[in-house]
Amino acid sequence: SAVISQKPSRDICQRGTSLTIQCQVDSQVTMMFWYRQQPGQSLTLIATANQGSEATYESGFVIDKFPISRPNLTFSTLTVSNMSPEDSSIYLCSVGPDSSGNTIYFGEGSWLTVV
Amino acid sequence: ELKVEQNPLFLSMQEGKNYTIYCNYSTTSDRLYWYRQDPGKSLESLFVLLSNGAVKQEGRLMASLDTKARLSTLHITAAVHDLSATYFCAVELDSNYQLIWGAGTKLIIKP
């Protein structure tokens with residue numbers, strides 16, 4: 001199984017600032033994704049992080065607000081820019097599939113609170 | 001547009017009882033996933049269902065998939081308190097590992 005490390009695990013951020021979340025995987029993976037989970041809600045896909053090219057964003061998410069980097073097959077970052085209280089969420093990195101071609105794994109999540 | 005509906009959204013039950021969580025989805029999909037999330041934690045993969053009629057079991061949990069009905073079930077047998085968590089189903093979109101999620105079922109099992 002893939003081991004995914006996310007940093008920071010938790011942060012309290014001031015309105016108007018930006019924060020970059022890092023996602024490190026212990027093996028090379030083709031697909032990496034970023035999700036958002038607002039308090040008490042389900043998960044929403046933000047974007048697919050493509051290695052060596054621009055991320056692919058889902059409807060409602062834009063690069064200016066959520067710039068993503070994917071410099072290699074084991075690492076990605078998500079920046080939450082110009083934060084507002086509405087950005088208070090859990091941000092989750094996921095990778096898949098594993099070597100058996102099955103499940104998709106998630107990092108521990110980054111809990112962001114914007115004040 | 002692929003939509004995933006889970007029900008019930010909230011379930012409180014006694015230990016020792018059986019119950020089923022349902023997951024309906026609106027278009028064809030290759031894979032269906034079940035995850036568990038404990039409060040303040042990330043997501044733990046429970047099952048991946050790949051084909052019609054697939055059934056997988058782990059302990060007191062059993063998941064099944066009916067692709068014709070576009071329905072998956074997560075059955076809990078003789079529930080114990082440790083199974084209290086939120087359970088999500090997720091359906092893969094276009095075979096590209098992007099997941100569309102159900103709203104989650106918050107399960108509380110009382111001693």
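Thresholds, definitions, all that
Residues numbered from 1 in each chain as written. Chains lettered and ligands numbered in written order. Predicted model: local features only at pLDDT ≥ 70, side-chain atom pairs only at ≥ 80, totals over all residues. Heavy atoms only, no water. Helix = DSSP H or I, 4+ residues; strand = E, 2+ residues; numbered from the N terminus. Rg over C-alpha atoms; globule rule 2.2 N^0.38 Å. Buried < 20%, exposed > 50% of the residue type's maximum accessible area, 1.4 Å probe, protein only. Contact = heavy atoms within 4.5 Å. Areas by Shrake-Rupley, 256 points an atom, 1.4 Å probe, with all protein chains shown as cover. Salt bridge = Lys/Arg side-chain N within 4 Å of Asp/Glu carboxyl O. Disulfide = S-S within 2.5 Å. Buried area = accessible area lost by both parts, 1.4 Å probe. Polar contact = N/O pair within 3.5 Å; in protein donor to acceptor, adjacent residues only side chain to side chain. Nonpolar A, V, L, I, M, F, W, Y, C, P; charged D, E, K, R; others polar. Phe/Tyr/Trp six-rings, centres within 6.5 Å; stacked < 30°, edge-to-face > 60°.

(A) A look at the overall build of chain A. Counting its regular elements, chain A contains zero helices and 11 strands. A globule of 115 residues ought to have a C-alpha radius of gyration of about 13 Å, and chain A, at 13 Å, matches this closely. Dimensions of chain A along its principal axes, counting C-alpha atoms only, are 40 × 25 × 20 Å. Burial analysis of chain A (115 residues in total) assigns 50% to the buried set. A separation threshold of at least 6 residues defines the contact pool for chain A, and within that pool the share at least 24 residues apart is 52%. Accessible surface computed for chain A: about 5400 Å², of which carbon and sulfur atoms make up 47%.

(B) Layout of the pattern of salt bridges. Residues and elements named next belong to chain A. If you walk through the whole model with that rule in mind, you get three salt bridges over all chains. Ionic pairing is found between Lys65 and Asp87, a salt bridge with its closest N-O pair at 2.6 Å. Residue Lys65 is located in the loop between β6 (56–57) and β7 (68–72), and its partner Asp87 is located in the loop between β8 (75–80) and β9 (89–96); the two are separated by 22 residues in the primary sequence. Given the relative accessible area of 5%, Asp87 is considered buried.

(C) Focus on unusual backbone geometry. Omega for the bond connecting A:Lys7 with A:Pro8 falls within 30 degrees of zero, at -5°, which places this linkage in the cis form. Backbone torsion omega between B:Asn7 and B:Pro8 reads 0°, so that peptide bond is classified as cis. By secondary structure assignment, the location of B:Pro8 is in the loop between β1 (4–7) and β2 (10–14). Phi at B:Ala78 is positive, roughly 50°, even though this residue is not glycine. Here B:Ala78 lies in the loop between β8 (71–76) and β9 (85–93).

(D) The arrangement of the state of the cysteines in detail. Across all of its chains, the model carries two disulfides over all chains by this definition. Here A:Cys23 engages in a disulfide with A:Cys93; their sulfurs sit 1.9 Å apart. Where A:Cys23 bonds to A:Cys93 through sulfur, the torsion about that S-S bond is close to -60°, and the disulfide is left-handed. Here A:Cys23 is found in strand β3 (residues 19–25), whereas its partner A:Cys93 is found in strand β9, with 70 residues between them in sequence. Accessibility assignment for this pair places A:Cys23 and A:Cys93 in one class, buried. Across a sulfur-sulfur distance of 2.0 Å, B:Cys23 and B:Cys89 are joined as a disulfide pair. What sets the handedness of the B:Cys23 and B:Cys89 disulfide is the S-S torsion sign, and at about 80° it is right-handed. Taken together, the residues span a long stretch of sequence, with B:Cys23 in strand β3 (residues 19–25) and B:Cys89 in strand β9 at a distance of 66 residues.

(E) Examining the interface of chain B and chain A more closely. Listed by partner, the interface residues are 19 residues for chain B and 22 residues for chain A. Roughly 1600 Å² of surface becomes buried between chain B and chain A when both sides are summed, with 56% attributable to carbon and sulfur atoms. The interface formed by chain B and chain A holds zero salt bridges in total. The interface formed by chain B and chain A includes seven residue pairs in polar contact (both at pLDDT 80 or more). Listing elements by their share of the side of chain B that touches chain A, those giving two or more residues are β4 (32–37), β5 (43–49) and β10 (98–101) of chain B. Here the residues of the side of chain B that touches chain A sort into 10 nonpolar, seven polar and two charged.

(F) Representation of the side chain of A:Thr103 within the structure. Assignment of secondary structure puts A:Thr103 in the loop between β9 and β10 (105–106). A distance of 2.6 Å separates the side chain of A:Thr103 from the side chain of B:Ser45, its partner in a polar contact.

(G) Spotlight on the packing of aromatic side chains. All names here are of chain A. Following the criterion strictly, the structure yields nine aromatic pairs over all chains and no others. Relative to Tyr91, the ring of Phe66 has its centre 6.5 Å away and its plane inclined at 45°; by these criteria the two rings are tilted. A residue pair is termed long-range when its members are at least 10 positions apart, and Phe66 in the loop between β6 and β7 and Tyr91 in strand β9 qualify at 25 residues. Note on accessibility: Phe66 and Tyr91 belong to one class, buried.

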